[in-house]
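# Analysis of the macromolecular model
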Amino acid sequence: MADKDEPTVSSPKRSAAGVPGIVTGLKYALGKPGIVRGSRALLRINQADGFDCPGCAWPEPGHRSSAEFCENGAKAVAEEATRRQADTTFFATHSISELAQWDEHRLGRTGRIERPMVRRPDSDHYEPISWSDAFTLIAEHLTGLDDPNQAVFYTSGRTSNEAAFCYQLFARAFGTNNLPDCSNYCHESSGVALTETIGIGKGSVTLDDIHKADLLVIVGQNPGTNHPRMLTALEKAKKAGASIVAVNPMPEAGLLNFKNPQTPRGVVGGGTPLTDQFLRIKLGGDHALFAAIGALLRERGAVDTEFITEHTSGYKAYAETEIDWDATLSATGLTRDEIEEAADRFAASDATIVCWAMGLTQHTGAVATIQEIVNVQLLRGMIGRPGAGLCPVRGHSNVQGDRTMGIWEVPPPWIDRLDAEFGIETPPEPGYHAVAAIEAMRRRDARVFIGLGGNFAAASPDTQVTETALRSQDLTVHISTTLNRSHVVPGRTGLILPVLGRTEIDHQAAGPQFVTVEDSMSCVHASRGRLAPVSSHLISEVAFVSRLGRAVLGDTLPWRDFEADYRAVRERIANVVPGFEDYERRLKGNGFTLPNPPRDGRTFETADGKARFSVNSVSAPTVPTGRLLLQSLRSHDQYNTTVYGLDDRYRGIRGGRRVVFCHPDDVVELGFADGDIVDLVSEWGDDVERRAEEFRIVSYPIARGCAATYFPEANPLVALHATAKRSNTPVSKSIVIRLESRA
Ligand SMILES: Nc1nc2c(c(=O)[nH]1)N[C@H]1C(S)=C(S)[C@@H](COP(=O)(O)OP(=O)(O)OC[C@H]3O[C@@H](n4cnc5c(=O)[nH]c(N)nc54)[C@H](O)[C@@H]3O)O[C@H]1N2
Ligand SMILES: Nc1nc2c(c(=O)[nH]1)N[C@H]1C(S)=C(S)[C@@H](COP(=O)(O)OP(=O)(O)OC[C@H]3O[C@@H](n4cnc5c(=O)[nH]c(N)nc54)[C@H](O)[C@@H]3O)O[C@H]1N2
Ligand SMILES: [Mo]
């Protein structure tokens, strides 16, 4: 049975991190895996000779201090370093149908998967299987398909550059571009918006730029919970005189005030107040906000004419767009004064950085919204200048690197080099992105699902549909570290294949190996595991892909060399992927930063060689009366679908996750009271009823008309067809719901 979910509620915190943050993190890390193992692991996070923190993609500072970790990283490490195991006895004791009743928290707590396991057709149990039999089984299924496009190769963002490169090579040599990844659910909207406008799907700032900014605008991002190390950079900027504007429907603790655990003031003092202006915007109101800010800046003549003339195109059409103020105020829920003040701050700043994350990317108009931010930055010439730029803050620690390595359903620009290097022929037509993959599985156009990391069942929208699609597969293969929901909704045949985590020593024929990752600011560096593997049955992700390659395609490609020595993989990456020349040598020390034409020289590799203004008609979600607009977000005690615990300290929640945050006036207006238990029912204008049961109403200072609850509990509410325009990202932050009393 699921754990008892009985949240208790107290008032939300006004500051993040500081002593409680680090103490909680340490307690978690030291208490769980055993004192010595835990502390040794923590001392190696983000050190030059240690491993990259699996917590998030925020970059490490040049000089790594031995305290360069946060509660978040400590928990992620503890999760991986745990001595608990899901072993043969565990799987013999618990049937798959029983495990399907467990929630993510309980599944994850079971610990590391100890050896390869198989669920045979019609069996309700996983049983052990040898690695060689597992590869034979996969090869039989893949080679038995009528068409390579009947296979789907998903990737999550913790996978190293080396494993990612090998994996996309394998899929393409096998004959498909079906390489959906967690990016499709995450920053795809940023990638699309930025590629069209500045010619590269990545941000244009370095960590040093953050420190040097005059104005930092943080939109739709909750760094206190999700990128705690970013707070150190914000504090530094703040001390150097920067001001900070936060745009968010919720007053998030880390945005308001920060207690740095790594300085005495943070430990004993009151912390640093961070935000100078807080705009409590309505969900999905950002497009209207930035369109209005742009118009005000033009009105005031606060435009960088030289930059616009020299480096941009499309300004004339953009300059002609007009603002409907009534619509703007109603879409944003802000006052005109608030918007004017924000525009003043933009106008006064010589170095502005706009940071954003899921609060922008998971909306229907996400791409257009991000392009409106690009417009404002172009208007002021805020690209390719110190302390200025665009900063999509990535989630998974190597999600950006995976895309650089070709994990993408679209053949990357360097595909001809890949084909020439390996003598393969990648099909030209794009493959399935994540949502399209689920649709294809549903139609039985896809029959084999392979997931390199991640938890596809729980991370995807429309949970019931996704799970049915997974169950309909002839074969599902999950390459994982810990147990999760995806494992308990297997295809007819199901494999769970356990791999080494990033903290663990990876020894191959040529000796101990390291892997490489790319952070949110395009810095590439090495990551070397330091702990003994939790089980002798684990293999590395590179070894997994290499053996898969040999089993399915034979020795036509250098799989054996790749597995024996990862330098052989990096040599090929250097030959194929631009920016990786002389890869091995440049990894020495703290690694290197990839070229970024907009940042490095105001060069824009777009169709006309200019940075492009966009004209997108402003839109905002419409919400019928009596309904709320719901977003699904993260608590402080989870990493995506991995639920470490049932508390959300910063938002004042303990002992439960089934809560729905609503504005107190909305609660009353809808005829409810704080503490009521309700069902959430989403409305998409189709005939399907999507319901999530038993949530406790929590009155909370969220913007009017808006509500929030946690991911992945909310995923059953998101219709599969409800995706952002042009990026196909599920609109997990724009769900029209009604609250229904429990009888
Ligand atoms: N502890 C922890 N760290 C993590 C993760 C985790 O699960 N746990 N996940 C990692 C991953 S993969 C990612 S992608 C990142 C995610 O990092 P975030 O994007 O910070 O994650 P969310 O919790 O989804 O928070 C979204 C924020 O945007 C706000 N928001 C929602 N909708 C809107 C809107 O319409 N407009 C505006 N202006 N704001 C809005 C929400 O109130 C919330 O503060 O974090 C990474 N780091
Ligand atoms: N409703 C809603 N849905 C969302 C979101 C949202 O905000 N709201 N956010 C979306 C976002 S931003 C993202 S990034 C996705 C996340 O989607 P995923 O990346 O698919 O999910 P995770 O929960 O990060 O995956 C956790 C699992 O990864 C495995 N794992 C951990 N470390 C390793 C490793 O080193 N190697 C391997 N092979 N496996 C490992 C473990 O078995 C663990 O159970 O979810 C998306 N879904
Ligand atoms: Mo993400």
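For the structure given in this document, a descriptive report is provided here.

Conventions we followed
Residues numbered from 1 in each chain as written. Chains lettered and ligands numbered in written order. Predicted model: local features only at pLDDT ≥ 70, side-chain atom pairs only at ≥ 80, totals over all residues. Heavy atoms only, no water. Near = heavy atom within 4 Å. Polar contact = N/O pair within 3.5 Å; in protein donor to acceptor, adjacent residues only side chain to side chain. Areas by Shrake-Rupley, 256 points an atom, 1.4 Å probe, with all protein chains shown as cover. Nonpolar A, V, L, I, M, F, W, Y, C, P; charged D, E, K, R; others polar. Pairing = 2+ DSSP bridges. Helix = DSSP H or I, 4+ residues; strand = E, 2+ residues; numbered from the N terminus. Axes fitted to C-alpha atoms, helices over the stretch in contact; angles between N-to-C directions. Contact = heavy atoms within 4.5 Å. Buried < 20%, exposed > 50% of the residue type's maximum accessible area, 1.4 Å probe, protein only.

### Observations regarding the site of ligand 2
Inspection of the region around ligand 2 gives 29 residues, with Y154, S156, N484, E541 and T641 positioned closest. At 3.0 Å from a nitrogen atom of ligand 2 is found a side-chain nitrogen or oxygen belonging to S632. Compared with its free state, where it exposes 940 Å², ligand 2 has 95% of that area covered by protein. A breakdown of the residues in the shell around ligand 2 according to their chemical character gives nine nonpolar, 16 polar and four charged.

### Observations regarding the sheet that holds strand β12 (residues 277-279)
Read across the open sheet, the five strands follow the order β12-β9-β8-β14-β15; overall the sheet is parallel. Strand pairing shows two members of the sheet lacking a second neighbour, β12 and β15 (389-392), which therefore form its edges. When the angles between neighbouring strand axes are averaged without regard to direction, this sheet yields 15°. Bridge count between strand β8 (residues 215-219) and strand β9 (residues 243-247): five bridges; the pairing is parallel. When the bridges of β9 are listed, I218 appears paired with A246. Against the sheet, helix α12 (residues 228-239) touches β8, β9 and β14 (352-356), its axis set at about 150° to β8. Where helix α19 (residues 336-348) meets the sheet, it contacts β8, β9, β12 and β14, and its direction lies at approximately 130° from that of β12.

### Structural notes on the site of ligand 1
Surrounding ligand 1, one finds 31 residues, the nearest of these being N248, E252, D286, Q638 and N640. Within the backbone of N226, a nitrogen or oxygen atom sits 2.8 Å from a nitrogen atom of ligand 1. N248 has a polar side-chain atom sitting 2.7 Å from an oxygen atom of ligand 1. Protein chains bury 99% of the 910 Å² of accessible surface belonging to ligand 1 in isolation. Of all the elements in the fold, those that place two or more residues in the shell around ligand 1 are α11 (223-226), α20 (358-361), β25 (628-633) and β26 (638-639).

### Considering the side chain of S535
When you line up the elements, S535 lands in the loop between β22 (523-527) and α27 (541-553). A relative accessible area of 8% means that S535 is categorised as buried. A distance of 3.0 Å separates a polar side-chain atom of S535 from the backbone nitrogen of H537. S535 has contacts with Q85 and E114, leaving out every residue within four places of it along the chain.

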